[in-house]
Amino acid sequence: MSSTRARDDASAAAAVDPDYPIDPVPTAARKSLFSLAIVLLGFTFFTPTMLAGAQVGTAFAAGSLFWVLLLGSLVLGVYVAVIGGIGARTGLTTVMMCRYSLGTAGSKLASVLLGGTQVGWYGVTVATLAGLVASALEWQGRGAEIALMLAGGAVMGVTAYVGYAGMYALSVVSVPLMLALAGWVTWRSLDEVGGWSGLAGIEPTSSMTIAVAVTVIVGTFVSGGTQAPNWTRFARTPRSGFWACLVAFLVGEFLMLFFGAIGALSFGEGDFVLVLYQLGLVGWGLVFLVANLWTTNDNTAYNFGVAGAELANSRSKKPFVVGGVVLGTLLAVTGIYDNLIEYLVWLGILVPPLGGVVIGDHFARWRAGMTVPAGGLPAVEWRNVAVYAVAALAAWWSNEAEWFIPPVVGVVLAVAGTFAVQRRRRPQMTPAG
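Remember, it's a predicted structure, so these values are computed and weren't measured experimentally. (Residues numbered from 1 in each chain as written. Predicted model: local features only at pLDDT ≥ 70, side-chain atom pairs only at ≥ 80, totals over all residues. Heavy atoms only, no water.)

Caption draft 1: Region of interest: the overall build of the protein chain. Regarding its fold elements, the protein chain presents 19 helices and zero strands. For the protein chain, the C-alpha radius of gyration of 22 Å lies close to 22 Å, the compact-globule estimate for 433 residues. For the protein chain, the C-alpha atoms occupy an extent of roughly 70 × 55 × 40 Å along the three principal directions. Per-residue burial over the protein chain gives 56% buried out of 433 residues. (Helix = DSSP H or I, 4+ residues; strand = E, 2+ residues; numbered from the N terminus. Rg over C-alpha atoms; globule rule 2.2 N^0.38 Å. Buried < 20%, exposed > 50% of the residue type's maximum accessible area, 1.4 Å probe, protein only.)

Structure (structure tokens):
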């Protein structure tokens, strides 16, 4: 009898998704700061971020460029670190925290928005991979690109399907390799222009305000950063979650921007992979490209997997990873890359206010814990939904009027507004456990 019960318990444990998509991560499953930082660094090491660095790099003199890149990375890093620390405290994904902030039905808005944007990003990355690989191998024709998209889309989803363990295994190999390659090419780039003094003598070839530069930098990872709790919920302490995000989204983001800017100034090419091609390192360029995009896209697939699990209230993310991979790959084949700029603008408007609502609501009501009695959550928390709508509208206006930084406007108004409407409505807490 006891052996039968033990087998049943073992079967039940095996059936549980080890990534706990809709449940708080238990203490036994928590990870070290090093593990979290490696996974998140793999996420932020992303070729399109280098392109943003190249765009900013040609608009500022070398003396001020460093500070502009640091400012943008700091704005993004602090925002992500705060929401990442909250994720570590609660043990919940971003979309699950939205159940507390927006209600059990209102959270579906967050799941559709965050999961949908990540499916789009998956398609953009698949298209980028296929285009650059086809160029390196000198494969001609649309058929070759489509074949590469289908193969790349399938392969990059594998580690997300496995879960946190798969993403960590990939990142712990890829991140040091990418850092070594990027550092070496930066040294070659400086040698190309005569060292730091030669770099300082390069005049800007375009113009950009500091506000626009920070918007571009923040926009590169504001959607993914808002979903940092999907990983920091595995942190052993909120402090570990905070610092893992700060390392990845301040240091990692800054390095990618810096490498892209240096490549643009030295070789006239902001795409790091194409710089490697120019140096005759096609093989290493392909290695860097695959490692760089894979470590980001598996995190992207993981994001829409947990968003789908919340939508369906499913304890397994895997069917939604598969479905999102298929949809994202189809989007790549149909040409989503052609609408990238408009897509990024809307991400910067709609996503940051959502993170701001979660942050403001946490500090107003949930610092003692986010577990409430069964049935204690409303279907829709209309006050917070209204704050989100106003903050998103303000971010849109900021973009249209070209006033200040739209993502910052959205976050600040959402945090302040949510805190203001909720500070007198503290619920009765039930200890987490």
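Caption draft 2: The packing of helix H9 (residues 164-192) against helix H13 (residues 238-267), seen in detail. Two numbers describe how H9 lies on H13: the axes approach to 9 Å, and their chain directions differ by 30°. Considering the relative orientation of H9 and H13, their crossing is left-handed. Counting all contacts with H9, which are made through Leu 179, Ala 182, Gly 183, Thr 186, Arg 188, Ser 189, Leu 190 and Glu 192, the residues of H13 involved are Leu 255, Phe 258, Phe 259, Ile 262, Gly 263, Ser 266 and Phe 267. Here the residues of the contact of H9 with H13 sort into eight nonpolar, five polar and two charged. (Axes fitted to C-alpha atoms, helices over the stretch in contact; angles between N-to-C directions. Left-handed = near helix turned anticlockwise from the far one by under 90°. Contact = heavy atoms within 4.5 Å. Nonpolar A, V, L, I, M, F, W, Y, C, P; charged D, E, K, R; others polar.)

Caption draft 3: Region of the structure containing helix H4 (residues 62-90). Across its 29 residues, H4 extends 42 Å between first and last C-alpha, which sits within 8% of the 42 Å expected from 1.5 Å per residue. At the C-terminal side of H4, Gly 91 shows a positive phi close to 75°. (Expected span 1.5 Å × (residues − 1).)

Caption draft 4: Up close: the pattern of salt bridges. Across all of its chains, the model carries six salt bridges by this definition. Lys 317 is the salt-bridge partner of Asp 19, the closest N and O atoms lying 3.1 Å from each other. Of the two residues, Asp 19 is situated in the loop between helix H1 (2-15) and helix H2 (33-44) and Lys 317 in the loop between helix H15 (282-312) and helix H16 (318-333); the sequence distance between them amounts to 298 residues. In this structure, Asp 19 and Lys 317 share a single accessibility class: buried. The closest approach of N and O atoms between Arg 142 and Glu 145, which form a salt bridge, is 3.8 Å. Taken together, the positions of Arg 142 and Glu 145, both in helix H7 (residues 142-156) and three residues apart, correspond to about one turn of that helix. Taking the relative accessible area as the measure of exposure, Arg 142 reaches 42% and is therefore partly exposed. The network of salt bridges with common partners includes Arg 99, Lys 108 and Glu 310. (Salt bridge = Lys/Arg side-chain N within 4 Å of Asp/Glu carboxyl O.)

Caption draft 5: Representation of the packing of aromatic side chains in the model. Throughout the structure, instances matching the rule amount to 18 aromatic pairs. Ring centres of Trp 231 and Tyr 302 lie 6.0 Å apart, and the angle between their planes is 25°; on these two criteria the pair is classed as stacked. Here Trp 231 is found in helix H12 (residues 229-232), whereas its partner Tyr 302 is found in helix H15, with 71 residues between them in sequence. Residue classification places Trp 231 among the buried residues on the basis of a relative accessible area of 0%. Given a relative accessible area of 0%, Tyr 302 falls into the buried group. Between Trp 397 and Trp 403, the ring centres sit 5.7 Å apart and the planes meet at 45°, which makes this aromatic pair tilted. Residue classification places Trp 397 among the partly exposed residues on the basis of a relative accessible area of 45%. (Phe/Tyr/Trp six-rings, centres within 6.5 Å; stacked < 30°, edge-to-face > 60°.)

Caption draft 6: Broad picture of the packing of H2 against H13. At a closest axis distance of 8 Å, the pairing of H2 and H13 adopts a crossing angle of 35°. The interaxial crossing formed by H2 with H13 has right-handed handedness. Two secondary-structure elements touch here, H2 through Leu 33, Leu 36, Ala 37, Leu 40, Leu 41, Phe 43 and Thr 44 and H13 through Ser 240, Trp 243, Ala 244, Cys 245, Val 247, Ala 248, Phe 249, Gly 252, Glu 253 and Met 256. Split by residue class, the contact of H2 with H13 holds 13 nonpolar, three polar and one charged.

Caption draft 7: Examining the environment of Val 80 more closely. With respect to the element layout, Val 80 can be found in helix H4. Given a relative accessible area of 0%, Val 80 falls into the buried group. For Val 80 and Met 167, which are 87 residues apart along the polypeptide, the C-alpha to C-alpha distance reads 20 Å. The residues contacting Val 80, other than those within four sequence positions of it, are Gly 225, Ala 228, Cys 245 and Phe 249.

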